[in-house]
Amino acid sequence: MDLQTDAAQNVIRDDYEHRLHQHWAEKQNDPINLLLGEEDGLYHHHFATGDFDRSILDAPAEQRDRLILAEMHRMENDQVNLILDRLGPVPARARVLDAGSGRGGTSFAIHDTFGCAVDGVNFCTHHIDFARRLAERRGAAASVRFTYANMVATPFPDASFQYVVTNETTMYVDLFEAFREFARLLEPGGRYVLATWCANDAVALDTPEVKAIDEHYVCHIHPRSTYFEALAASGLAPIEVTDFTQDAIPYWELRNHCDLRTGVETPFLDGHRSNTLNYLTITAERVLTPTTAQR
């Protein structure tokens, strides 16, 4: 699918989205993601919280990296529970949107846990193809579907979903635009759950750590306060906010010991340790009469 076709479909719309699309298009064989999912078929594009088994750092050199990768994958699988726990008791008849679904790890975990229908949206074509093949292999293609679309401008009708989730994807979008779209898609009273890293603008802005991460991932890390401003403007009322900043540090400590480390580990560690980079989950509900504030 070429960029002219993309533009005609309003999927990849501006220079930034073209650069981001190219970034993901060049990561079709990224081992830091692909190797971790080989054992159980759950491929993630997010990080993790919680401690790791520190005894693996003392393992013989020829075993250590394999053990580190296995432990990282366990932690990434467990991280999805941050989303699952905040969704609550999802009925099997419900429909969930996974916005920025990557290779489908979070989507499959939601379906496996609740038995509900899940729609993943993503504008990386090789991720969509990969996730669709996985859905077929897992026997879940009828219930877990993946659509090539921009997560801030999806093709779904109003009030199509009871739940929306984003798992570390909001740093790639304009929050006001994204949250307006999620409010449109949610039924009144529907729930939105997000996990994200963000700049702690109560402490500092434009830190070297934030700039390094933005450059590495072609993202734009938002200030923490912008999340709440954009939620309120979109008719999404927060009901729970949890700060996992300190809990996010061990994952990066472990990854920093891995032969596949990419160099982004240091700015994450420095940012979390200094509390200039936060890791949050936010749960919000769509109010009955959302505003239409424009940004």
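Shown above is the structure to which this text applies.
Cut-offs and rules
- Residues numbered from 1 in each chain as written.
- Predicted model: local features only at pLDDT ≥ 70, side-chain atom pairs only at ≥ 80, totals over all residues.
- Heavy atoms only, no water.
- Pairing = 2+ DSSP bridges.
- Helix = DSSP H or I, 4+ residues; strand = E, 2+ residues; numbered from the N terminus.
- Axes fitted to C-alpha atoms, helices over the stretch in contact; angles between N-to-C directions.
- Contact = heavy atoms within 4.5 Å.
- Expected span 1.5 Å × (residues − 1).
- Parallel < 35°, antiparallel > 145°, perpendicular 65-115°, else oblique.
- Left-handed = near helix turned anticlockwise from the far one by under 90°.
- Nonpolar A, V, L, I, M, F, W, Y, C, P; charged D, E, K, R; others polar.

1. Quick word on the sheet that holds strand 6 (residues 236–243)
Then step 1. Strand order in the open sheet formed by 7 strands is 3-2-1-4-5-7-6, and the pairing between neighbours is mixed. Two strands in the sheet have a free side with no partner beyond their single neighbour: strand 3 (144–148) and strand 6. On average, each strand axis in the sheet is inclined to that of its neighbour by 20°, with strand direction left out of account.
Then step 2. In terms of strand pairing, strand 1 (residues 95–99) meets strand 2 (residues 117–122) through 5 bridges, oriented parallel. Its bridge partner lying in strand 2, Asp98 is registered against Gly120.
Then step 3. Lying on the sheet, helix 6 (residues 125–137) is in contact with strand 2 and strand 3; it crosses strand 3 at an angle near 165°.

2. Let's talk about helix 4 (residues 61–87)
In an α-helix, one turn spans 3.6 residues, which is why side chains three or four residues apart end up on the same side.
Then step 1. With 27 residues, helix 4 should cover 39 Å at 1.5 Å per step; its first-to-last C-alpha distance of 41 Å lies within 8% of that length.
Then step 2. Once helix 4 finishes, Gly88 follows within two positions and takes phi at roughly 85°, a positive value.

3. Some points on the packing of helix 4 against helix 5 (residues 105–114)
Then step 1. The N-to-C vectors of helix 4 and helix 5 enclose an angle of 45°; their axes lie 10 Å apart at closest approach. Judged on the interaxial angle alone, helix 5 and helix 4 are oblique. As helix 4 runs across helix 5, the sense of the crossing is right-handed. In this structure, helix 4 contributes Val80, Leu84 and Leu87 to the contact, and helix 5 contributes Thr106, Ala109, Ile110, Thr113 and Phe114.
Then step 2. Looking at the contact of helix 4 with helix 5 residue by residue, the class counts come to 6 nonpolar, 2 polar and no charged.

Functional significance is not addressed by these values, which are geometric in nature.
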